[in-house]
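# Understanding the architecture of this molecule
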Amino acid sequence: MNHVPISTPVAVKLAAFAAEAAPSSAVAAVCRRLIFDIIGLSVAARHTDYVQAALASAVDEGSCTAHGHQRGLGLYDAALVNGTAAHGEDYDDTFEGGPIHAGAVIVSAVLAIAEKRGLGGKAVMRGIAVGSELMCRMSLVAPQATHKAGFHPTAIFGAPAAAAAVGAALGLDAATIGRALGISGSLASGIIEYLADGSSTKRLHAGAAAQAGLRAALLAEGGFTGPITVFDGSHGFYKAFAPSKAPDFTPLLDGLGSRWILETLAFKPYACGTMTQPFIDCVKKLSATGVSADDIVSITCRVGEGTVHRLWEPLAEKHRPPNGYAGKFSTPFCMAVGFLDGEAGLGQFTDERVKDPQVRALAAKISYEVDPDDPYPRNFTGHLKATMRDGTVHEFRQPYMRGGAHEPLSDTELDDKFEANLRFGGLGDSAIAALRNALGRIAEGGDVDLSASRA
């Protein structure tokens with residue numbers, strides 16, 4: 001494995017990037033998409049039990065907005081609530097090489113500090129760009145090893161990325177941002193045991209990472225110290241959270257500041273786990289042939305080995321997920337509703353839908369085999385081979401995730417998603433127009449006024 005020689009600690013290089021970065025117009029366009037997508041998702045989730053629980057846990061009243069709620073919150077509570085809401089339905093952006101979900105963490109942290117400190121849109125856009133870029137790059141250092149160790153990459157990489165994002169938005173110098181990165185390593189956390197029962201902790205991870213990054217940045221601003229060897233030290237970040245693989249810092253550092261990989265961020269067309277999405281496209285192609293669920297004897301999918309423990313096993317449990325949230329991480333369930341409903345949106349992942357006998361019967365027909373040549377995690381693909389009662393066989397492939405670099409969603413599609421999410425959250429025409437205008441001003445570098453999202 002090739003390694004970048006580490007004569008200067010990695011955190012020093014990342015801090016210099018965060019302090020000096022000059023995002024391009026193409027990067028700004030992606031950050032604009034992130035703001036709209038994340039706020040729309042936060043509002044869509046506002047009435048859910050997990051968002052209400054997060055709100056109930058808030059201890060401080062303050063000037064920061066909880067999107068979709070009238071109540072003003074303190075800085076840390078706002079970041080926690082908004083990040084949790086934005087990631088809660090697993091409908092947020094994803095980075096295909098990670099996978100990680102940058103927007104819920106970074107947008108939530110940066111908008112909270114912007115409201116608290118009176119920052120403008122230019123600072124917000126710069127902070128979002130810096131944090132999202134670093135979060136994507138950090139996920140490439142030891143591919144798959146974080147999941148293998150039982151940690152959630154969004155939670156783990158979100159904390160230092162949010163620290164850098166907040167530091168960049170505040171205009172902190174490189175030395176201070178370096179300390180913030182060092183501190184963030186001790187605040188990062190998030191295990192993936194939610195897979196056992198579909199409980200809500202995955203939802204919490206994005207908000208907790210946003211909160212941790214804010215805390216790290218402000219501690220550093222106040223003079224608190226953290227190890228500058230946080231990433232590459234003998235007891236560092238990757239040794240702790242990705243111990244099965246030697247870290248290769250090349251993809252983290254190569255071209256940093258001149259080549260922005262966040263331009264390839266994917267925006268999801270379906271409200272479920274990232275790697276399930278190409279399989280939904282495959283099963284929709286099967287449905288388009290006119291076959292019925294009763295015609296199907298079996299469906300076998302070829303999959304990447306790294307996805308099995310999260311999305312396919314234990315297979316009997318994935319055939320019958322215990323609740324709607326667990327269904328988002330069951331490829332058989334996602335495929336079943338995709339076939340039967342022609343959709344996998346917010347309405348498909350309910351506790352009632354996972355118990356539907358027709359859905360369960362179809363899901364039970366779906367199994368997998370590991371494809372040793374599957375490109376995961378570099379690329380997310382889908383495949384199915386369906387055997388019919390009359391003996392015919394249908395085979396379909398999806399070579400990439402729709403919404404990603406190979407087939408990005410259009411601005412019109414993303415605006416439609418934004419509006420649909422706001423309507424799902426109960427907003428009407430005038431409120432939607434006001435919020436669209438307010439977010440547009442932020443993206444253009446204007447004032448940060450989020451009162452339109454206090455529905």
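Structure: above.
Residues numbered from 1 in each chain as written. Predicted model: local features only at pLDDT ≥ 70, side-chain atom pairs only at ≥ 80, totals over all residues. Heavy atoms only, no water.

Another aspect to go through is the overall build of the protein. Each helix and strand in the protein was counted, giving 20 helices and six strands. Against the globule reference of 23 Å for 455 residues, the protein gives a C-alpha radius of gyration of 21 Å, in line with a compact fold. Seen through its principal axes, the protein has C-alpha atoms that stretch 70 × 55 × 40 Å. Taking all 455 residues of the protein together, 60% fall into the buried category. Of the contacts formed within the protein by residues at least 6 apart in sequence, a portion of 77% connects residues at least 24 apart. With the model as given, the accessible surface of the protein reaches about 16,300 Å², and the carbon-plus-sulfur share is 52%. Computed over 40 positive and 48 negative side-chain charges, the separation of the two mean positions in the protein equals 2 Å. (Helix = DSSP H or I, 4+ residues; strand = E, 2+ residues; numbered from the N terminus. Rg over C-alpha atoms; globule rule 2.2 N^0.38 Å. Buried < 20%, exposed > 50% of the residue type's maximum accessible area, 1.4 Å probe, protein only. Contact = heavy atoms within 4.5 Å. Areas by Shrake-Rupley, 256 points an atom, 1.4 Å probe, with all protein chains shown as cover. Lys, Arg positive; Asp, Glu negative; His and termini not counted. Charge placed at Lys NZ, Arg CZ, Asp CG, Glu CD.)

Moving on, we get to unusual backbone geometry. Of note, the amide linkage connecting G98 to P99 takes the cis form, showing an omega dihedral of -5 degrees. For P99, the position within the fold is in the loop between α4 (75-87) and α5 (102-117). Note the cis peptide between E313 and P314, where omega equals -5 degrees. Note that P314 resides in the loop between α14 (305-311) and α15 (315-319).

The next thing to look at is the nonpolar core. Formed by 108 residues in total, the largest nonpolar core has its most connected members in L14, F231 and Y238. Among the nonpolar cores identified, the runner-up in size contains 46 residues, and L41, Y270, Y376 and M401 belong to it. (Core = buried A, V, L, I, M, F, W, Y, C linked by side-chain atoms within 4.5 Å.)

This next bit is on helix α3 (residues 49-57). Three- or four-residue spacings in an α-helix give side chains the same orientation, since the helix completes a turn every 3.6 residues. Among the residues of α3, those classed as buried are Y50, V51, A54 and L55. For α3, the angular spread of the buried residues around the axis is 140 degrees, confining them to a single face. Opposite the packed face of α3, turned more than 90 degrees from it, sit the exposed residues D49 and A56. Each element contacted by the buried residues of α3 is listed here: β2 (72-73), α4 and α10 (201-221). (Arc of directions from axis to C-beta.)

On inspection of all chains with the given rule, the structure shows 21 salt bridges. Here D90 makes a salt bridge to K268, at a shortest N to O gap of 3.0 Å. Of this pair, D90 sits in the loop between α4 and α5 while K268 sits in the loop between α12 (250-253) and α13 (277-287), placing them 178 residues apart in sequence. The same class applies to D90 and to K268, which are both buried. (Salt bridge = Lys/Arg side-chain N within 4 Å of Asp/Glu carboxyl O.)

Next up on the list: the environment of I128. Tracing the backbone shows I128 in helix α6 (residues 121-138). Between the C-alpha atoms of I128 and I106, which are 22 residues apart in sequence, the distance is 5.9 Å. Residues contacting I128, with those up to four places away along its chain left out, are C31, L34, I35, I106, V107 and V110.

Our next topic: the packing of aromatic side chains. Under the definition given, this model contains 16 aromatic pairs. Plain terms: the ring middles of F157 and Y238 are 6.0 Å apart, the flat faces sit at 35 degrees to each other, and that makes the pair tilted. Taken as a pair, F157 in helix α8 (residues 153-170) and Y238 in helix α11 (residues 237-241) lie far apart in primary sequence, 81 residues in all. In this pair, the class of F157 matches that of Y238, namely buried. When the ring of F231 is compared with that of Y238, the centres are 6.5 Å apart and the planes differ by 50 degrees; the resulting orientation is tilted. Taking relative accessible area as the criterion, F231 reaches 3% and is therefore assigned buried. Ring pairs connect the aromatic residues F151, F157, F231, F237, Y238, F241 and F249, which therefore count as one cluster. Looking at R33, its charged tip hangs above the ring of F267, at a distance of 5.9 Å from the centre. In this structure, K417 is placed above the aromatic ring of Y91, and the distance from its NZ or CZ to the ring centre is 4.1 Å. (Phe/Tyr/Trp six-rings, centres within 6.5 Å; stacked < 30°, edge-to-face > 60°. Lys NZ or Arg CZ within 6 Å of the ring centre and 35° of its normal.)

Taking strand neighbours across the sheet as the criterion, the four strands line up as β4-β3-β5-β6 in an open arrangement whose pairing is mixed. Whereas interior strands pair on both sides, the edge strands pair on one side only; in this sheet they are β4 (366-370) and β6 (393-398). Strand after strand, the sheet turns through a mean of 20 degrees between neighbouring axes, direction not considered. As defined by bridge partners, strand β3 (residues 296-303) adjoins β4 across five bridges and the pair is classed as parallel. Within the sheet, the bridge partner assigned to R302 lies in β4 and is E369. (Pairing = 2+ DSSP bridges. Axes fitted to C-alpha atoms, helices over the stretch in contact; angles between N-to-C directions.)

In the sheet, strand β1 (residues 61-65) pairs with β2 via three bridges, with the strands oriented antiparallel. Among the inter-strand pairings, T65 is bridged to a residue of β2, identified as G72. As consecutive antiparallel partners, β1 and β2 are separated by six residues, and within that stretch G68 has a phi angle of approximately 95 degrees, a positive value.

Time to look at the packing of α5 against α10. Interhelical geometry of α5 versus α10 gives an angle of 45 degrees and a closest axis separation of 8 Å. In terms of axis orientation, α5 runs oblique to α10. In this structure, the crossing between α5 and α10 has a hand that is right-handed. Facing α5, whose interface residues are A104, V105, S108, A109, A112, I113 and R117, α10 presents A206, A209, A210, L214, L218 and E221. When its residues are assigned to classes, the contact of α5 with α10 shows ten nonpolar, one polar and two charged. (Parallel < 35°, antiparallel > 145°, perpendicular 65-115°, else oblique. Left-handed = near helix turned anticlockwise from the far one by under 90°. Nonpolar A, V, L, I, M, F, W, Y, C, P; charged D, E, K, R; others polar.)

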